[in-house]
Amino acid sequence: MSAMAYKVRLLEPNVALSPLLQEILRNCERRNTRCDRPLINFIMNLLSMDPQYELFMETVSADRRNHDDFVEACCNMLADDRSPILITLRMQCFFLDNFFDKDEIVEKHARNLQAKTFALTKEIIDNDVITKDEQDEVFNKVILDIVMNMGLGNPDSKDVIAETMRALNSVMSRSDKAKFVTLDRKDRLMALKDIREIVAGIRIFNKHSGNTANGMADLPKIIDQSHESTKSILQITLCEIMDKVNLLTSALNAAIAYDLRNRSIITLLPENITADDFETIKDLLTMYRQHEVYTRKLIDELATIKLSIDSCKQEYEAKLLRIHEAVQYRTAIPTDRVFPKFSELTRVWLQFQNFIFLLSEMNQISNMLTSLTERCVSFDDLAYRLLGESQIQTDVDRLNKMQLLKFCLWHLAEGKGLLMPGSTELGVCRVQKEHYLFNIPEPVTFFDEDPNKYFFKIVETARKKIQLICLLNMYDKVQSSYNAPRSEGFQMRITTTCDQEVQTDLHPVPSNIDREYRWNVWDYRREAIRLANIRTKRTTSVQTVESSRAIPKSTQVYLGKPQTTQTRVSRSTETEQRRHVGLKVIEPTAPSPLKVYALTLAQTSRSAFNKNGER
């Protein structure tokens, strides 16, 4: 697991344990024990992975007694501030929280510097300028801003201020200054950043050329000195750590014997050494081994920083040479074509400053780790008594000049946290793509018979000595074995096979073939899309196959019905029977206009038909 993953999963407070956290804080307050919240969260997260407290068991609910035992165990660890167990846990918590990301350190420094100069920068970009005196006052603040942000010397020094003012006047004329103060807030801030880089580059070039650069530090020289000092301190610290490690390892090795028949380790203690003293020596060895691991990490990081420093120095010299070639034939200040080169030189200068802060941060981490180990009570006399007449051996002696790779797995399991270096001469044991070492040849056979037995013993040891979890990078193994039954232990995922035959009926279930069945779910999705598209279509006059499964639609209409209109009743007058010879002329008694019509009709009838009624 990466350092960032450890930081998130081990240092962050666990919400499920928050009620127990309050109890621990109250108990620590009653005992007058120092309460360090990040450390308490770290210890709780590690100790909660022990199933004996049943805090996260899926099948067994935790009762109040287990909660009390858990709180008591945490408080006992926090009680003795000088015990090697607590110091080891403090080292792990501190290193996980502070082992730096280089980019993060640089950003942190930039934020701190910006916070210090924020008020000054705000006055420069916000104030309205009208008179010449106000303009001069603004540029006096600009000088201070450049010196403080670019690290050009002490801002209280008159020589530093005067030289920075001359560099600024060589870049900006009176009209340029008048134009600067008329810019809006955003443009003025951008222009101020450009002015900083150009003026700082001119001062850096003047110092390199020997033209009075009072008050400026020689950063490349300071970085080399700081690097050598840090490297020397880390190497001395590592030597002191290894002296302790060699003494404790040799003392423990002198007090153990191997019962290969019973596949166990026997402890042979002198009369003046108790079993608790032996456990204390083992805890001390764990503490110094953890300090060794962290110190070696700092040394490796220092070597990486050294490569970056050398590359930066080469770039710095190259940019100085380009600027020198550009201005060597000029008697005045370079033109605008040279100004970007000054800005590039300033950026390299700022990288030097970042390296100084990185080295400073590294020294602080190393000093803090050393101060933590110095809190521990000295047990050298106890270790020498346990060592007896045996000689102190180093890791190189044990490994026949071979580099230390890992601790012996068998010693760690049977010795309940006994850290003995493994030997590569015995070979490397590979299990599930992981490699393990042994110190003596016989345990290799024992381990090969039942690897899970030894893995579970190591996990059980890490649950009791939680400082081993981070040291041996066992967090995932301890967590994955949490819910495993105790009888099964820590089971590695090893694939096993066996030959087996099963008798079954030929066809126990009648065959039923569904032609519409589709095994691929995407077929159903495509069908659903097709049907959804059909619903947006409209079919007229005929039924089609594609629309056969569409939802039927109908429209309600009113059917036609016969209608009549009521009119007046027709009335008539009875007349004489019509004769076939013609129409009878009816002459009214009184003059009437119908007479003319009747006569005309009678004449027409007589002329149109003959006597027989034929035409």
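Refer to the structure presented above.
In what follows, the accompanying structure is described.

Reading guide: rules and limits
- Residues numbered from 1 in each chain as written.
- Predicted model: local features only at pLDDT ≥ 70, side-chain atom pairs only at ≥ 80, totals over all residues.
- Heavy atoms only, no water.
- Helix = DSSP H or I, 4+ residues; strand = E, 2+ residues; numbered from the N terminus.
- Buried < 20%, exposed > 50% of the residue type's maximum accessible area, 1.4 Å probe, protein only.
- Contact = heavy atoms within 4.5 Å.
- Areas by Shrake-Rupley, 256 points an atom, 1.4 Å probe, with all protein chains shown as cover.
- 1 Å grid on protein atoms, 1.4 Å probe; cavity = no way out; pocket = protein on both sides within 12 Å on 5 of 7 lines; lining within 4 Å.
- Points joined across faces, edges and corners; volume = space filled by probe spheres on them.
- Nonpolar A, V, L, I, M, F, W, Y, C, P; charged D, E, K, R; others polar.
- Phe/Tyr/Trp six-rings, centres within 6.5 Å; stacked < 30°, edge-to-face > 60°.
- Lys NZ or Arg CZ within 6 Å of the ring centre and 35° of its normal.
- Core = buried A, V, L, I, M, F, W, Y, C linked by side-chain atoms within 4.5 Å.

**As for the overall build of the chain**
Check the secondary structure of the chain and you find 22 helices and four strands. The buried share of the chain, reckoned over its 615 residues, is 38%. Considering only intrachain contacts with a sequence separation of at least 6, the fraction spanning at least 24 residues in the chain is 73%. For the chain, the accessible area works out to roughly 39,000 Å², and carbon and sulfur atoms hold 51% of it.

**Some details on the environment of E425**
Counting through the fold element by element, E425 comes out in the loop between α16 (409-414) and β3 (429-431). Residues E425 and P441, spaced 16 residues apart in sequence, show a C-alpha to C-alpha distance of 9.7 Å.

**Here's the deal with the layout of surface pockets**
If you add up the space inside the second largest pocket, you get close to 600 Å³. A110, L113, Q114, N149 and R196 are, among the 20 residues lining the second largest pocket, the residues nearest its centre. Broken down by secondary-structure element, the contributors of at least two residues to the lining of the second largest pocket are α6 (102-126), α7 (132-150), α10 (185-209) and α13 (339-374). Element by element, the count of residues in the lining of the second largest pocket is highest for α6, at ten residues. Residue composition of the lining of the second largest pocket, grouped by class: eight nonpolar, seven polar and five charged.

**Brief notes about empty space enclosed by the protein**
With the rule as written, the count across this model stands at one cavity of 30 Å³ or more. Taken together, K319, R322, I323, K341 and E344 form the lining of the largest cavity. Where the lining of the largest cavity is concerned, the elements lending two or more residues are α12 (275-327) and α13. Residues belonging to the lining of the largest cavity are distributed by class as follows: one nonpolar, no polar and four charged.

**Topic: the packing of aromatic side chains**
Counted by the stated rule, this structure contains 13 aromatic pairs. Ring geometry for F447 versus Y454: centroids 6.2 Å apart, planes at 50°, classification tilted. In textbook terms, an aromatic cluster arises when at least three aromatic residues are bridged by ring pairs, as seen for Y436, F438, F447, Y454 and F455. The ring centre of W522 lies 4.4 Å from the NZ or CZ of R525, which sits over that ring.

**Thoughts on the nonpolar core**
In summary, soluble globular proteins display a tendency toward joint burial of nonpolar side chains. I24, F42, I43 and M44 are the most contacted members of the largest nonpolar core, which totals 140 residues. Considering every element that reaches this core, the biggest residue donor is α12, with 16 residues. If we skip the residues at most four places from it in the chain, M44 touches L17, L20, L21, I24, F70 and C74.

Purely geometric numbers; function is a separate question.
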